Amino acid sequence: MSDTSFVRTEMLPQKAPPVTAVGAIGWARANLFSGWFNSVLTILGLLAVYFVLSGVLPWMFLSVWHASSLNECREIMEATWGETSGHACWAVIKERWVQLLFGFYPSELYWRPVLAFVLLIVAVAPVLFPGAPRKFFYVTAVYPFVMPWLMWGGTIWGPLLVAAGLAIGFFAQRFLLPIVGSLASLIIAVLASVIWWLFLVGPLAGALGSVLNIGLEPVISRNFGGFMLSILIGVVAIGCSLPIGIVLALGRQSDLLIVKAICVGFIEFIRGVPLITLLFVASTLLNIFLPPGTEFDIILRVLIMVTLFASAYMAEVVRGGLAALPKGQYEGADSLGLDYWQSQRLIIMPQALKISIPGIVSTFIGVFKDTTLVSIIGLLDPLGLATAIRADSDWNGIYWELFAFIAFLFFIFCFSMSRYSMYLERRLKTTH
Amino acid sequence: MTTLTDPPKETFRLSMLIYDTRYRSMTIQCVALIGFMLLAAWIINNTLVNLNTLGKPIDFGFFSEPASYDINQRLLDYNSRDSHLRASFMGLLNTLLVAALGCVAATIVGVLVGVLRLSKNWLVARIMTVYVETFRNVPVLLWIVLAMAIMIESLPAPNEFRGDTPTATMNLFDSVAVTNRGIYIPEPLFSRSLGNLHVLGESSLRFDVSLDLILLLIVLGASIFLIRRNTARANAIQEATGVRPTTWYINLGVLLVPTLVVLIALGFHLGYPELKGFNFRGGTYMRNSLIALWLALSLYTAAFIAEIVRGGILAISKGQTEAAGALGLRPGRIMSLVILPQALRVIIPPLISNYLNLTKNSSLAIAVGYMDITGTLGGITMNQTGRELECVLLLMLVYLTISLSISGVMNWYNNRVKLVER
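Residues numbered from 1 in each chain as written. Chains lettered and ligands numbered in written order. Predicted model: local features only at pLDDT ≥ 70, side-chain atom pairs only at ≥ 80, totals over all residues. Heavy atoms only, no water.

Trainee: For the overall build of chain A, give the residues involved together with the corresponding values.
Mentor: Check the secondary structure of chain A and you find 17 helices and two strands. For 432 residues, the compact-globule estimate of 2.2 N^0.38 gives 22 Å, and chain A exceeds it by more than 25% at 30 Å. Each principal axis of the C-alpha distribution contributes one length, and for chain A these read about 115 × 75 × 40 Å. Total accessible area on chain A is roughly 23,500 Å²; 71% of this is exposed by carbon and sulfur atoms. Across chain A, the mean location of the 25 positive side-chain charges is 11 Å away from that of the 23 negative side-chain charges. (Helix = DSSP H or I, 4+ residues; strand = E, 2+ residues; numbered from the N terminus. Rg over C-alpha atoms; globule rule 2.2 N^0.38 Å. Areas by Shrake-Rupley, 256 points an atom, 1.4 Å probe, with all protein chains shown as cover. Lys, Arg positive; Asp, Glu negative; His and termini not counted. Charge placed at Lys NZ, Arg CZ, Asp CG, Glu CD.)

Structure follows, in structure tokens:
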């Protein structure tokens, strides 16, 4: 009997996987060339990427930074590369970027919008990130009064007295609560504040200003422009539209027929018309709707209309969140004995708003992008300024560099907002 | 022994209007209604007083006055002697034209991008992500003016097509001319035409209906009816015998033959654009502003639609595909019978609101000089006549009507495909 054994007695060493299945080649085979169709797609994709990049990259980086006019730019291009097309003239951005950011705001006062922007970041930080110091909330509280003062300037008494109106309302409510009951005290407090704002703030501010004139140099609205204007409109519309939108959504969901009808009518009307028609209303009609002789500036009118516009969209987003809550949540809140506002505040809204975060943020992004529409009614937002810069004989005929710069800045803002919404969704996710 | 006492007799007190939940809602509603009516009355009163001061009471008479401005892209006949109403009507048709073109293009691109973004191909998925993020995060107005700038700056002028050695040539076998003034494409012509039907005589809303087109539509409709009959017959045979008769060649024949016969009978041919003088003549002309608006709106909206489509497909759990496969369905049928009907339910409501957004965004045409309803009624007519109130309110009414009708039709469709729950 031979000692030939047909059964292997020792283990073979493990073989390395085939080179086509691991590493870069394996990855490429799995992700790029897994079939003839995918291979064709990959090659088409590579061609498209090459086509785009071969045009954009030289244009972007082989460019002219130092020139004072488009013609000078072209001369430099001609001297350097022997052609004028295919190279960007970033000199226009270098010369005009300040204008694209601030419009015609007086240059010695640039610190004011910059400070307002920095304060804005401080003010929204505690709202956006739980890690931010809680003390920042004080900044959030005073920001609505400080921001207009910084931007428009004027006497400090105006914003102080407006803030005092809130305090008056608050203390009136506190003081009257034991005497006349909750509802009556609330109504009286609101009335007191409104009367204070409408009739007393103006004369009082004037009087105080003549006694002790503390203030900043006023800046008229006509000088506002550039990204400062876009951010101003965006922030005000975003800030005001969320509370108004929540109220509208609650009205639309309520059992009160008339309240519901008013809310539905408002929301559907605003959502049914384009923003540009509302801006026409702001620029031509709003003065007609108000008492004779009322004159207030175009930016304020635009702010009002954009806020109304954003509120209607916000209301629909919040309504979606309210509708998505299971009925048991409403019934549970009722069975705990909470009244309407308590159950909204403690049970319904926290969940509904959480569900609607993606919608809220995309409404914010939409509103911020829509601020460019004000250029159509003649305000100098970045797009309006681009036209103004082109009207200058030095830069007549320059398009792509300005558009690229504006698009880049908008992209930064909107993209970071959408990333933030994803972060917030992850943070608030309570499921496993 | 206990006696039943009557419940305490309720006397109505005024304070119950506030503190009794049975009456409180009535109180709140009355207050809201009164407040709303007071606000409306205040605004209307202010408006009337202001308009009286300005000396222009509300009056729609200006609509019958001659518009005396030209509309460079129009679907019907119009000249500057026509009335403002006719001009607004042209604008409305232009709005509907760009909205319809935009919705179709945005849907096609959007669905394609949405599906490709889910592709297993890494490179293609990344490219589509970049496309979606770029277009979604930059204002649509910027895309519109950018597209217009590209049209004007980088396309050849008509005179570059001229001469013995032209620097530009026409595309697609000399049938399409792409110039910086717009795009000229071949137009359908009938040498033995049946003529036009003039509707509404000489009024401002007059329009012509091509009898050729009506005939074609009737023939096509009849063909489709026959095809459905044929398919129903095939289904009946399949259910009875288990064998499905082949239907495709009959269907194809029924669809094509009558239409071709009618086209030949009417003498169908294409009219090609030709360079005459300083510009092209003949063919259908699509102005550069229309093309720019169309491109920008559809690419912008397509980015949103892509996300909706992607979300809709991702919302269908993998178990559905596997279960359908376990039933023995082929991949094509899995898609058309199981995945798509369910995904459509998720996709359609946001798709509707994106169509609405596109229609409303088409009002930005005013930025590139395309004469839509905003450019005519809300632009030149308003500036010429100085009737801001009438023009803006009518403009809003028109958009409101368009929006409500689109959402009405789409909601009806949505209700049809909606899941019927117990």
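Trainee: Explain the state of the cysteines to me, and be specific about the residues and the numbers.
Mentor: All names here are of chain A. Using the criterion set out here, one finds one disulfide over all chains in the structure. Across the disulfide from cysteine 73 sits cysteine 89; the S-S distance is 1.8 Å. Here the S-S torsion is close to 80°, and the disulfide linking cysteine 73 with cysteine 89 is therefore right-handed. Highlighted residues: cysteine 73 in helix H3 (residues 70-81) and cysteine 89 in the loop between H3 and helix H4 (91-102), separated in sequence by 16 residues. Summarising the burial analysis for this pair, cysteine 73 and cysteine 89 share the class buried. With no disulfide of its own, cysteine 240 lies 18 Å from the sulfur of cysteine 263, the closest cysteine sulfur. (Disulfide = S-S within 2.5 Å. Buried < 20%, exposed > 50% of the residue type's maximum accessible area, 1.4 Å probe, protein only.)

Trainee: Please provide a residue-by-residue account of the pattern of salt bridges, values included.
Mentor: Scanning the model with the defined rule gives 18 salt bridges over all chains in all. Between aspartate 77 of chain B and arginine 86 of chain B there is a salt bridge, and its shortest N-O distance comes to 3.2 Å. Note that arginine 117 of chain B is salt-bridged to glutamate 307 of chain B, the shortest N-O span being 2.3 Å. Of this pair, arginine 117 of chain B sits in helix H3 (residues 84-117) while glutamate 307 of chain B sits in helix H8 (residues 288-315); the two residues are 190 residues apart in sequence, bridging distant segments of the chain. Exposure class is identical for arginine 117 of chain B and glutamate 307 of chain B. Each is buried. Taken together, the salt bridges that share partners define one network made up of Arg252, Glu268, Glu316 and Arg319 of chain A. (Salt bridge = Lys/Arg side-chain N within 4 Å of Asp/Glu carboxyl O.)

Trainee: Give me unusual backbone geometry: which residues, what numbers.
Mentor: Residue and element names in this part refer to chain B. The phi dihedral of serine 68 is positive, around 50°, even though this residue is not glycine. If you trace the backbone, serine 68 turns up in the loop between helix H2 (21-54) and H3. Residue classification places serine 68 among the partly exposed positions, given a relative accessible area of 49%.

Trainee: Could you give an account of the sheet that holds strand E1 (residues 177-179) of chain B, naming the residues involved and the relevant values?
Mentor: Residues and elements named next belong to chain B. One open sheet accounts for three strands, arranged E1-E2-E9; its pairing is antiparallel. Across the chains shown, the open sheet's two edge strands, defined by having one partner strand only, are E1 and strand E9 (284-287). Taken pair by pair, the neighbouring strands of this sheet meet at an average axis angle of 15°, ignoring direction. Bridge count for E1 against strand E2 (residues 182-185) is three bridges, and the pairing is antiparallel. Within E2, the residue paired with threonine 179 across the bridge is glycine 182. Here H8 sits on the sheet and contacts E2 and E9; the angle it forms with E9, its principal contact strand, is near 65°. (Pairing = 2+ DSSP bridges. Axes fitted to C-alpha atoms, helices over the stretch in contact; angles between N-to-C directions. Contact = heavy atoms within 4.5 Å.)

Trainee: Go over the side chain of asparagine 38 of chain A with me, naming the residues and quoting the values.
Mentor: Mapped onto the secondary structure, asparagine 38 of chain A falls in helix H2 (residues 36-61). If near-sequence neighbours (up to four positions away) are discounted, asparagine 38 of chain A is found in contact with Leu32 of chain A together with Ser119 and Asn121 of chain B.

Trainee: Tell me what's going on with the environment of isoleucine 71 of chain B, and back it up with residues and numbers.
Mentor: Residues and elements named next belong to chain B. Relative to the helices and strands, isoleucine 71 is located in the loop between H2 and H3. With relative accessibility at 0%, the residue isoleucine 71 sits in the buried group. Residues isoleucine 71 and leucine 39 lie 32 residues apart in sequence; the distance between their C-alpha atoms is 40 Å. With near-sequence residues (within four places) excluded, isoleucine 71 lies in contact with Tyr78, Ala87, Met90, Asn94, Met371 and Thr376.

Trainee: Lay out the interface of chain B and chain A in plain terms, naming residues and giving numbers.
Mentor: With 55 residues of chain B at the interface, the matching set in chain A holds 52 residues. Interface of chain B and chain A: buried area, both sides summed, is about 4,700 Å²; carbon and sulfur atoms make up 77% of it. Here glutamate 133 of chain B makes a salt bridge to arginine 419 of chain A, at a shortest N to O gap of 3.2 Å. Elements that contribute at least two residues to the side of chain B that touches chain A include exactly H2, helix H4 (122-136), helix H5 (140-154), H8, helix H10 (331-361), helix H11 (373-385) and helix H12 (388-417) of chain B. Here the residues of the side of chain B that touches chain A are counted per class, giving 35 nonpolar, 14 polar and six charged. (Buried area = accessible area lost by both parts, 1.4 Å probe. Nonpolar A, V, L, I, M, F, W, Y, C, P; charged D, E, K, R; others polar.)

Trainee: So what about the packing of helix H13 (residues 327-335) of chain A against helix H14 (residues 340-355) of chain A? Which residues, and what values?
Mentor: All names here are of chain A. Their axes nearest at 10 Å, the elements H13 and H14 cross at an angle of 165°. It follows that H13 is roughly antiparallel to H14 by the angle criterion. As H13 runs across H14, the sense of the crossing is right-handed. Of the residues in H14, those touching H13 at Gln329, Tyr330 and Ala333 are Ser343, Ile347, Ile348 and Gln351. (Parallel < 35°, antiparallel > 145°, perpendicular 65-115°, else oblique. Left-handed = near helix turned anticlockwise from the far one by under 90°.)

Trainee: Tell me about the side chain of arginine 206 of chain B, residues and numbers included.
Mentor: Residue and element names in this part refer to chain B. Following the sequence through the fold, arginine 206 ends up in the loop between strand E4 (196-199) and strand E5 (207-210). A distance of 3.4 Å separates the side chain of arginine 206 from the side chain of aspartate 77, its partner in a polar contact. Within polar-contact distance, the side chain of arginine 206 engages the side chain of aspartate 82 at 3.4 Å. When neighbours within four sequence positions are excluded, arginine 206 is seen to be in contact with Leu76, Asp77, Asp82, Arg86, Phe89, Val199, Leu200 and Gly201. (Polar contact = N/O pair within 3.5 Å; in protein donor to acceptor, adjacent residues only side chain to side chain.)

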